[in-house]
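This is what each chain is made of:
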Amino acid sequence: MKYIKIYEFQAMDKIREGKEVLMLDRKFNEVNSVNFMFVGVLAEIINEKNEDNRYEFWYAEEEEENV
């Protein structure tokens with residue numbers, strides 16, 4: 001499994017591609033699935049400056065195994 005970090009504005013595109021996007025909120029020490037967030041909440045997060053790196057977004061991909 002490999003984890004790919006993305007910017008918050010890329011979250012919706014990855015969800016449309018069928019990925020589960022996860023978000024770390026460092027202020028509350030929580031990991032949430034962006035796929036199940038209300039759109040208004042996600043819009044507020046995306047519109048924040050995030051200069052303090054409060055939020056981090058990523059999704060996982062299966063890695064191909066070398067046989």
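Everything discussed here concerns the structure shown above.
The paragraphs below set out a description of the structure included in this document. Counting from 1, residues in each chain are numbered in the order their sequence is written. Restriction of local features to residues with pLDDT of at least 70 applies here, the model being predicted, together with a cutoff of 80 or more for giving and counting side-chain atom pairs; totals for whole chains, interfaces and linings are based on all residues. Think of the side-chain values as coming from all heavy atoms in the structure, minus any hydrogens and water.

1. Notes on the sheet that holds strand β3 (residues 30-33)
Strand pairing in a sheet takes place through backbone hydrogen bonds and is either antiparallel or parallel in direction. We apply this condition: A pair of strands is labelled paired if DSSP reports no fewer than 2 bridges between them. Secondary structure elements follow DSSP: runs of H or I of four or more residues count as helices, runs of E of two or more count as strands, with numbering from the N terminus. To define axes, lines are fitted to C-alpha atoms, for helices over the stretch in contact only, and angles between the resulting N-to-C directions are given on a 0 to 180 degree scale.
Taken together, the four strands give an open sheet; going across it, the order is β1-β4-β2-β3, and neighbouring strands pair in antiparallel fashion. Each edge of the sheet is formed by a strand with only one pairing partner; in this case those strands are β1 (2-6) and β3. Each strand axis lies, on average, 30° off the axis of its neighbour in the sheet, ignoring direction. One ladder, built from four bridges, connects strand β2 (residues 21-25) with β3; its direction is antiparallel. If you follow M23 over to β3, its bridge partner there is N32.

2. Topic: a negative patch on the surface
Just so we agree on the cut-off: Patches were defined on residues exceeding 30% relative accessible area and lacking a salt bridge, with like-charge contacts within 9 Å and nonpolar side-chain contacts (Val, Leu, Ile, Met, Phe, Trp, Tyr) within 5 Å. In this description, accessible areas are obtained by the Shrake-Rupley approach with a 1.4 Å probe, and a residue is regarded as covered only by the protein chains that are shown. Definition used for salt bridges: Asp or Glu carboxyl oxygen within 4 Å of a side-chain nitrogen of Lys or Arg. Here the positive residues are Lys and Arg and the negative ones are Asp and Glu; neither His nor the chain ends is included. We put the charge of a Lys on NZ, of an Arg on CZ, of an Asp on CG and of a Glu on CD. Under the scheme applied here, a residue whose accessible area is under 20% of the maximum for its type counts as buried, over 50% as exposed, and between as partly exposed, the area being computed with a 1.4 Å probe on protein chains only.
A cluster of acidic residues, E44, E48, E51 and D52, forms a negative patch on the protein surface. Take E51: it is sitting in the loop between α2 (39-47) and β4 (55-61). Judged by its relative accessible area of 71%, E51 falls in the exposed class.

3. Details of the packing of aromatic side chains
Rule in force here: Note on aromatic pairs: the rings of Phe, Tyr and Trp (six-membered ring only in Trp) are paired at centre separations within 6.5 Å, and the planes decide the class, stacked below 30 degrees, edge-to-face beyond 60, tilted for the rest.
Scanning all chains against the criterion turns up one aromatic pair. An angle of 5° between the planes, with centres 5.5 Å apart, marks the rings of Y7 and F9 as stacked. Here the two residues Y7 and F9 agree in accessibility, since each one is exposed.

4. Some details on the nonpolar core
For clarity, the threshold we go by: Here, nonpolar core means buried Ala, Val, Leu, Ile, Met, Phe, Trp, Tyr and Cys residues that are tied together by side-chain atoms lying within 4.5 Å of each other. By definition in these notes, contact holds between two residues if any of their heavy atoms fall within 4.5 Å.
With 11 residues, the main nonpolar core is built from I6, A11, V21, M23, V34, M37, L42, I45, Y55, F57 and Y59. Of all the secondary structure elements, the ones that give two or more residues to this core are β2, α2 and β4. Among the elements that line this core, the one with the most residues is β4, at three residues. If near-sequence neighbours (up to four positions away) are discounted, V34 is found in contact with A11, I15, V21, L22, M23, L42 and F57.

5. A few points about the side chain of D25
Heads up, the rule is: Two N or O atoms form a polar contact when they lie within 3.5 Å of each other; inside protein one atom must be a possible hydrogen donor and the other a possible acceptor, and for residues adjacent in sequence the pair counts only when both atoms belong to side chains.
Mapped onto the elements, D25 comes out in strand β2. Residue D25 is classed as buried on the basis of its relative accessible area, which comes to 6%. A polar side-chain atom of D25 sits 2.8 Å from a polar atom in the side chain of R54. In contact with D25, not counting residues within four places along its chain, are E30, R54 and Y55.

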